[in-house]
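Here is how the chains run, residue by residue.
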Amino acid sequence: MSKRDYYDVLGVSKDASKDEIKKSYRKLARKYHPDVSQEEDAAEKFKEVKEAYEVLSDQQKRQQYDQFGHAGAQQGAGGQGFGFEDFGDFGDIFDMFFGGGRRRRDPNAPRQGQDLQYTMEVEFEEAIFGKETTIEIPKEEKCDTCDGSGAKPGTSVHTCSHCNGSGQLNMEQNTPFGRVVNRRVCHYCDGTGKQVEEKCQTCGGDGQVKTRKKIDINIPAGVDDGQQIRVTGHGGPGVNGGPAGDLYVVIRVKRHEFFERDGDDILCEMPITFTQAALGDEIEVPTVHGRVKLKVPAGTQTGTHFRLKGKGAPNVHGYGQGDQHILVKVMVPKNLNDQQKELLRQFHELSGDETLDEQQDNLFKRMKRAFKG
Ligand SMILES: [Zn+2]
Ligand SMILES: [Zn+2]
């Protein structure tokens, strides 16, 4: 399923102000909140709205999104992505609006780490032939000192006494309508359900540390601009023993001076002189696989297209090999000297329209008739 445009999701224009975006988001979030909406796909819509807001409310992410679309929006500063984890802090706002009742996840359940995205620029030829490389990305790793528990080694971790490990607190409130119970994230344990006696000094109790990690990436031959390479298990660390997320490397292929990619095919424009075009010649054309001889037949017109079979990019999924297409551009000479001009005049007097083939001749004659007066 393709993703909807974030601006469409929020129903705002591309130049909407921060306030407009926020207002629209609040309206839609209330409408689709899974606890109140009767609509069948409310949860999906709510997630979509929230995701759109997360991007458009953040100036940097919004800029990236405007420039690169969905792929760009998921890339944060320095190549570190951000995940669409859960409803997060917004839950509290809605608990206040709707009096709780939201089903919160068990804070102790294993969860997969977030997926990260990293954008990598490669040369045109590198995308054709592939390469092995190493990237260094900033990422969160499980803290080795405390093995992710957040507790100083030798001290104990116990169940949060305030929420009994549930990560939530019930807040009773007397209102004119009676007693209302709001469920909130436990602020003693930040919703983790656990409390440590003494925090680990390495990670400050987070259980995670920021590191730079080197990862070997194998860029497959034939990869194209915008394609992603998934590196399993190199995303953010899992929580409560869950598996790590995945890393997605988005490939950006640099433009080439002469070549252009069209899927597995490569396009190239080739200038030839008008005498080569008229008399025919054997020329050398560049391909990514080296120079190739190409016979240009006499009478070749500008815009003629030749195909060099198998001289394109290999298919990234292993289905054969693309071709190179050559588009001939006949160059009309400029800066002629007197002798050259004279020879061309002689040529003209000698040949007139006779050098045209039947089709060109017919067109020429019809045009002459049409514009005679
Ligand atoms: Zn607690
Ligand atoms: Zn630690």
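An unreviewed UniProt entry lists the chain under the name Chaperone protein DnaJ, with Aquisalibacillus elongatus as the source organism. In its Subunit (unreviewed entry) section, UniProt records this for the chain: "Homodimer."

A. Structural view of the packing of helix α2 (residues 18-32) against helix α3 (residues 42-56). The geometry of α2 relative to α3 is characterised by a closest axis approach of 9 Å and an angle of 165° between their N-to-C directions. Viewed along their axes, α2 and α3 adopt a mutual orientation that is roughly antiparallel. Of the two elements, α2 crosses α3, and the hand of that crossing is left-handed. Across the interface between the two elements, Ile 21, Lys 22, Tyr 25, Leu 28, Ala 29 and Tyr 32 from α2 touch Ala 42, Lys 45, Phe 46, Val 49, Lys 50, Tyr 53 and Leu 56 from α3. When the residues that make up the contact of α2 with α3 are grouped by side-chain class, the tally is ten nonpolar, no polar and three charged.

B. Expanded view of the coordination of the zinc ion (ligand 2). Taken together, Cys 143 (SG), Cys 146 (SG), Cys 200 (SG) and Cys 203 (SG) make up the protein donors of the zinc ion (ligand 2), found 2.3 to 2.4 Å from the metal. Of note is the zinc ion (ligand 2), whose four donor atoms meet at the metal with angles of 102 to 115° in an arrangement that counts as tetrahedral. With a relative accessible area of 0%, Cys 143 lands in the buried category.

C. Spatial organisation of the sheet that holds strand β8 (residues 228-231). Overall, mixed pairing links the three strands, which are arranged β1-β9-β8 in an open sheet. Because the sheet does not close on itself, it has two edges, and the strands there are β1 (116-122) and β8. Sheet twist, expressed as the average angle between the axes of neighbouring strands with direction ignored, equals 25°. Relative to strand β9 (residues 247-253), β1 runs parallel, the two sharing seven bridges. The partner of Glu 121 across the bridge, within β9, is Arg 252.

D. Here's a closer look at α3. Over its 15 residues, α3 runs 21 Å from end to end, which matches the ideal 21 Å to within 8%, given 1.5 Å per residue. Where α3 is concerned, the buried positions are Ala 42, Phe 46, Val 49, Lys 50, Glu 51, Ala 52, Tyr 53, Val 55 and Leu 56.

E. Structural context of the sheet that holds strand β15 (residues 324-331). Reading across the sheet, the four strands line up as β10-β11-β15-β14 and stay open at both edges, with mixed pairing between neighbours. Looking at the sheet topology across the chains shown, the edges are occupied by β10 (259-262) and β14 (305-308). Strand-to-strand, the axes of this sheet are offset by a mean angle of 30°, without reference to chain direction.

Definitions and limits used
Residues numbered from 1 in each chain as written. Chains lettered and ligands numbered in written order. Predicted model: local features only at pLDDT ≥ 70, side-chain atom pairs only at ≥ 80, totals over all residues. Heavy atoms only, no water. UniProt positions renumbered as here; feature names shortened; annotations may be inferred. Axes fitted to C-alpha atoms, helices over the stretch in contact; angles between N-to-C directions. Helix = DSSP H or I, 4+ residues; strand = E, 2+ residues; numbered from the N terminus. Parallel < 35°, antiparallel > 145°, perpendicular 65-115°, else oblique. Left-handed = near helix turned anticlockwise from the far one by under 90°. Contact = heavy atoms within 4.5 Å. Nonpolar A, V, L, I, M, F, W, Y, C, P; charged D, E, K, R; others polar. Donors = N, O, S within 2.8 Å, 3.2 Å for Na, K, Ca; no water. Tetrahedral: all angles 85-135°; square planar, octahedral: opposite > 155°, others 65-115°. Buried < 20%, exposed > 50% of the residue type's maximum accessible area, 1.4 Å probe, protein only. Pairing = 2+ DSSP bridges. Expected span 1.5 Å × (residues − 1).

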